[in-house]
Amino acid sequence: MSDNTVDNTSSGTPAQPPGKPPGKPPGKPPGPPYGGTPKRRREDRLEDRIDAAWIWDRIARATIFLGGISAIVFVLAIFLFIAREGLGFALSELDLGYFFTSPNWRPTNETPQFGALALIAGTASITGLAMLIAVPFALGAAIYIGEFATGKTRETLKVLVELLAATPSVVWGFIGLSIMNPLIIEMFDVPIGLTVLNAGIILGLMAAPIMTTIAEDALKAVPDSYREAAEAMGATRWQIIRQVVIPSAKHGLVAAILLGVGRGFGETMAVLMASGHAINMPTSPFDSARALTATIASELGETANGSEHYRVLFTLGIFLFLVTFVINLLADVLVRKGDKKRS
Amino acid sequence: MSDAIKNGFQAAPLDRRNQRNQRVFRLLFLTMTVILIVPVVVILALLTIKGAPALSWGFFTESPKNGLTEGGIFPALVGTLWLVAVALVASVPLGVAAAIYLSEYAKDNLLTRLINLAIINLAGVPSIVHALFGLGAFVLFFKFGTSILAASLTLAIMTLPVVIVSTREALQSVPQSFRLACWSLGATRWQTIRKVVLPNSISGILTGVILEVSRTVGETAPIMFTGAVFFLPFLPQSVMDQTMAMSLHLYNVATQVPDIPEALPFGVALSLILMVLLLNSVSIAFRVHLRRVKKW
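Residues numbered from 1 in each chain as written. Chains lettered and ligands numbered in written order. Predicted model: local features only at pLDDT ≥ 70, side-chain atom pairs only at ≥ 80, totals over all residues. Heavy atoms only, no water.

K.L.:
Hey, could you run me through the overall build of chain B in this one?
P.N.:
When helices and strands are counted, chain B shows 12 helices and 2 strands. The linear arrangement of helices and strands in chain B, starting from the amino end, is α-α-α-β-β-α-α-α-α-α-α-α-α-α. Expected size for 296 residues packed as a compact globule is a radius of gyration near 19 Å; at 26 Å, chain B overshoots this value by more than 25%. A principal-axis box enclosing the C-alpha atoms of chain B has dimensions of 90 × 60 × 35 Å. Out of the 296 residues in chain B, the part that is buried amounts to 52%. Carbon together with sulfur atoms contributes 67% to the accessible area of chain B, which is approximately 13300 Å² in total. Across chain B, the centroid of the 22 positively charged side chains sits 15 Å from that of the 12 negatively charged ones. (Helix = DSSP H or I, 4+ residues; strand = E, 2+ residues; numbered from the N terminus. Rg over C-alpha atoms; globule rule 2.2 N^0.38 Å. Buried < 20%, exposed > 50% of the residue type's maximum accessible area, 1.4 Å probe, protein only. Areas by Shrake-Rupley, 256 points an atom, 1.4 Å probe, with all protein chains shown as cover. Lys, Arg positive; Asp, Glu negative; His and termini not counted. Charge placed at Lys NZ, Arg CZ, Asp CG, Glu CD.)

Structure, rendered in C-alpha cells:
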C-alpha cells in the first residue's frame, strides 16, 4: 500500500508534499489549506490523502446526501402529519362504509353526516370531462410539436405551451367565474354557469399544456434511429408516427395522461371557483358539483382544531394523498417499463 | 415506352395516398395545437381588456379600502414578496443540494429511484394536501402559528421539485470531460462541484429559480390556512406576522366581497398573471440565450 503513496508523489512535482493535489486552484497560494503533510496521515488508512480538502469533501458529501433524500423525507412527513390529524379518526370514529357510499355531506349538523360520495362524484365528473377535452388535444399537440413542427415554429409553440402551463390556478378559477360563467349561461340558456361543464373546461385547459409537455418528452425518448430506419424504408412521416413512434412511446404517453388525471384530481382553486360548489350528485354537465379538494379549501377555515369536522377534512386529505400517490406510482412504473423495453 | 419513362418518376397510387394521409394528419394535429392555444390567448386578451382600466399607479401603491371594494393591492404585493423571499431562502439551498446529489453522486439504484419517485410525488400531491400538511406541521406542531414563516415553508416544500428538476438538468448539461479534467488534477469531488460544475451551470440554476418564483407567486391553497389573510391594515414586520398575498387577494375579491366594481378583480387578476408571465418569459429568454452562448 505504501508503494502507492510513493507513486503519487513521484508523479507530481517533487517539491510538493505527498497527497497535495498538484494543480490546485490558482487563486490559492501554496500553503496550509491543502497541505496534507505526511505527519497527519494515518498509515493504516487507505492510500487516500486526508487533508482539509478531503475533510470538506466528506462534509459536503454528507450535506448533499441529506439534501438528496429530503424529497423522500418530505413526502413521508406530509403523509405522517396528515395521518396524525386524520388517520385515527378515519379508522376508529368514522364509518368508512357510510363515507364512501352516502352522498350526505353535512359536517355541521347536530349529528354530523360524513358521506363523501357526492364529493367523489363531483371530482370524478369534473376530472373526467376535463380529460375528455384535454387528452385528445394534448396528445395531438404533443405529436405536432414533437414530430411535425421544426425549428422556430417548434420553439415558439413549446414556449407558448409552457406559458399556458404557468398560469396560476386561482387565475383559471377567476376566468371560470367571470368569463366562462356568463358565456355558458348565454350559450346554453341555463340558469347557472358554474357547473361541471365550466369546471371541466377550465380544468381541461389547465391540464392540457402539462400533458402536452410530458407527452412530448415521451415522444422525444424514442431514439431517432427508429425514425431513420423507418424513413429509410420509405415510410412517410405519418406512417413513422403511427407505426413506430407511438407504439414505442405508448407507455410514456399513458403516463402523461395519468399525470394529467392526477393534476386534475388534485386541482383546488380553479375547481372551487368554477364548479358552483354545491353538494350534489351531478347527473349532467349542467349541474353544479363540489370537489374533494374544494371542500377542504372552503371548510377548513371554519373548523375548530381537533373537532370531528376538522379531522374528517384531514381524512379527505389522506384519501387525496393516497390516490395521487398511486397515480404517480403507476405513471413511474409505466415510464420505466417503456424505457426497459426499448433498451 | 414513353409513357413508362414518364410514369417512372411519378409517385405510385399507394405513395400518393400515403402522402395525402400525411398531409391530412399533419393538418389535423396542427389544428389541435391551435385549438389548444387560441382560446387561452383570447381569454388572456379579455382579461387584459377588462382589467386594464383598473390599473394605475395608485392601484399598486395603495391599500385596499372599504372592505376591499376600493383602493389598491400594495399590501398584497409586499406580502407576496415576503412569501417568495422566505420560500426561496428555504428551498433553493435544499433543492440545489438534492440536484447535486442526483446529478453528481447518485448511482442507478433503489435509493435514487425512490428519490425520483418522491420528487414526482411532491410535485403531484394536491396543493390543498400541502396546505393540510403546512397547517398540521408548521402552524400547529412546530407552533409557528399562522405566519409568513409557516406559509413560506409550505410553499418551499411544494415548489422544491421545480428547483430540483431544473437544477439537475443544468448540472447534467455540464460536459463530463470538465469533471474528468478536474479530477485528474487531483481535486476532490466537492472541489470539482464548487469550482467547475456549479460555476458552469449557475445560469441554468437561476433559470429554474425564476421558474420557482413564478410558481410560488401563483399558489393560493397552500397559504390560505398557514399565513395569508383576507385583509391587514399594516405591512408585515417579521416572518412571524401574517400577511396578505396577491393570489389569495384575487380569490377574495372574486368570491368573498359582494358589490365590488367589476374592474377591480380583473385588475388584480391581470396584475397577478402579468407577474407570473413576466417571470416565466424572463426564465425562458434566459434559457434561450444560454443555449445560444454556450460553447460546448
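The structure having been displayed, the exposition proceeds.
K.L.:
What's the story with the overall build of chain A in this structure? I'm lost.
P.N.:
Counting its regular elements, chain A contains 12 helices and 2 strands. In sequence order, chain A lays out its α and β elements as α-α-α-β-β-α-α-α-α-α-α-α-α-α. Taking all 343 residues of chain A together, 50% fall into the buried category. When contacts within chain A are restricted to residue pairs at least 6 apart in sequence, those whose partners lie at least 24 apart make up 65%. Carbon and sulfur atoms form 63% of the exposed surface of chain A, whose accessible area is close to 15800 Å². (Contact = heavy atoms within 4.5 Å.)

K.L.:
So what exactly am I meant to see when it comes to the packing of aromatic side chains here?
P.N.:
Aromatic rings considered in pairs are described by the distance between their centres and by the relative angle of their planes. Scanning the model with the defined rule gives 25 aromatic pairs over all chains in all. Between Phe25(B) and Phe29(B) the ring centres are 6.4 Å apart and the planes differ by 35°, which places this aromatic pair in the tilted class. One end of the pair, Phe25(B), and the other, Phe29(B), are both in helix H2 (residues 13–51), 4 residues apart, so they sit about a helical turn from each other. Overall, the relative accessible area of 8% leaves Phe29(B) in the buried class. Taken together, Phe81(A), Phe133(B), Phe138(B), Phe141(B), Phe142(B) and Phe144(B) form an aromatic cluster joined through their ring pairs. (Phe/Tyr/Trp six-rings, centres within 6.5 Å; stacked < 30°, edge-to-face > 60°.)

K.L.:
Which parts of the structure should I look at to understand the domain arrangement of chain A?
P.N.:
Accessible area lost on assembly of the parts is the figure often given for the size of an interface. Residue and element names in this part refer to chain A. If you check the domain split of chain A, you get domain 1 (57–93) and domain 2 (124–341). Domain 1 and domain 2 are separated by 27 Å when their C-alpha centres are compared. Contacts between the two partners involve 11 residues from domain 1, matched on the other side by 11 residues from domain 2. Summing both partners gives a buried area of about 970 Å² for domain 1 against domain 2, and 78% of it is carried by carbon and sulfur. On the domain 1 side of the interface with domain 2, the three residues burying the most area are Ile-82, Glu-85 and Phe-89, jointly 56% of the side's total. Residue composition of the side of domain 1 that touches domain 2, by class: 8 nonpolar, 1 polar and 2 charged. (Domains from an automatic or database assignment. Buried area = accessible area lost by both parts, 1.4 Å probe. Nonpolar A, V, L, I, M, F, W, Y, C, P; charged D, E, K, R; others polar.)

K.L.:
Would you explain the nonpolar core in this entry?
P.N.:
Considering soluble globular proteins, one finds that nonpolar side chains tend to be buried as a cluster. If you look at the biggest cluster of nonpolar residues, it comprises 174 residues, and the most contacted ones within it are Ile175(A), Leu316(A), Ile128(B) and Leu250(B). Looking at which element gives the most residues to this core, the answer is helix H4 (residues 117–148) of chain A, with 14 residues. Apart from residues lying up to four places away in sequence, Ile128(B) is in contact with Thr268(A), Thr293(A), Ile296(A), Ala297(A), Leu320(A), Ala221(B) and Phe225(B). (Core = buried A, V, L, I, M, F, W, Y, C linked by side-chain atoms within 4.5 Å.)

K.L.:
Hey, could you run me through the interface of chain A and chain B in this one?
P.N.:
The interface is formed by 89 residues belonging to chain A together with 81 residues belonging to chain B. Here chain A meets chain B over a buried area of about 7800 Å², counting both sides, of which 77% is carbon and sulfur. By the criterion of area lost to chain B, the three top residues of chain A are Ile64(A), Phe174(A) and Trp238(A), representing 9% of everything that side buries. Asp332(A) is the salt-bridge partner of Arg113(B), the closest N and O atoms lying 3.6 Å from each other. The tally of links between chain A and chain B comes to 8 residue pairs in polar contact (both at pLDDT 80 or more). Broken down by element, the residue count for the side of chain A that touches chain B peaks at 22 residues, all from helix H2 (residues 52–92) of chain A. Residue composition of the side of chain A that touches chain B, by class: 59 nonpolar, 18 polar and 12 charged. (Salt bridge = Lys/Arg side-chain N within 4 Å of Asp/Glu carboxyl O. Polar contact = N/O pair within 3.5 Å; in protein donor to acceptor, adjacent residues only side chain to side chain.)

K.L.:
Is there a simple way to think about the UniProt feature "transmembrane region" (unreviewed entry) in chain A in this case?
P.N.:
Residue and element names in this part refer to chain A. UniProt's feature table lists "transmembrane region" (unreviewed entry) at residues 64–83, 114–145, 157–180, 192–211, 252–274 and 312–335, given in the numbering used throughout. Within the segment residues 157–180, helix and strand shares are 92% and 0% respectively, and the terminal C-alpha atoms sit 25 Å apart. Structurally, residues 312–335 is divided into 100% helix and 0% strand, and its ends, taken at the C-alpha atoms, are 35 Å apart. (UniProt positions renumbered as here; feature names shortened; annotations may be inferred.)

K.L.:
Honestly, the UniProt feature "domain: ABC transmembrane type-1" (unreviewed entry) in chain B in this entry has me stumped. Any pointers?
P.N.:
Under the feature "domain: ABC transmembrane type-1" (unreviewed entry), the UniProt entry names residues 77–283 of chain B. Strand forms 0% of residues 77–283 of chain B and helix 77%; the C-alpha atoms that close the span are 21 Å apart.

K.L.:
Sorry if this is basic, but what is going on with helix H5 (residues 151–166) of chain A here?
P.N.:
Residues spaced three or four apart along an α-helix face the same direction, because each turn holds 3.6 residues. The terminal C-alpha atoms of H5(A), which comprises 16 residues, lie 23 Å apart, in line with the 22 Å expected from a rise of 1.5 Å per residue. All of the buried residues along H5(A) are Leu157(A), Val161(A), Leu163(A), Leu164(A) and Ala166(A). Among the structural elements, H4, helix H6 (169–188) and helix H7 (196–220) of chain A together with H2 and helix H12 (263–293) of chain B are those in contact with the buried residues of H5(A). (Expected span 1.5 Å × (residues − 1).)

K.L.:
What's the story with the pattern of salt bridges in this structure? I'm lost.
P.N.:
Charged atoms that come close allow side chains of opposite charge to pair. Residues and elements named next belong to chain A. Taken as a whole, this structure holds 14 salt bridges over all chains when the rule is applied. Residue Glu-85 is joined to Arg-84 by a salt bridge in which the shortest nitrogen-to-oxygen separation is 3.4 Å. Of the residues examined, Arg-84 reaches a relative accessible area of 48% and is grouped as partly exposed. Members of the salt-bridge network, linked through shared partners, are Glu-147, Asp-224 and Arg-227.

K.L.:
When you look at unusual backbone geometry in this model, what are you seeing that I'm missing?
P.N.:
Negative phi characterises most residues that are not glycine, and trans characterises most peptide bonds. Residue and element names in this part refer to chain B. With a phi angle near 55°, Lys-143 is a residue other than glycine that sits in the positive phi range. Within the secondary structure layout, Lys-143 lies in the loop between helix H6 (127–141) and helix H7 (148–172). Of the residues examined, Lys-143 reaches a relative accessible area of 67% and is grouped as exposed. In this model, Asp-259 sits at a positive phi of 55°, which is unusual for a non-glycine residue. In this structure, Asp-259 sits in the loop between helix H11 (246–256) and H12.

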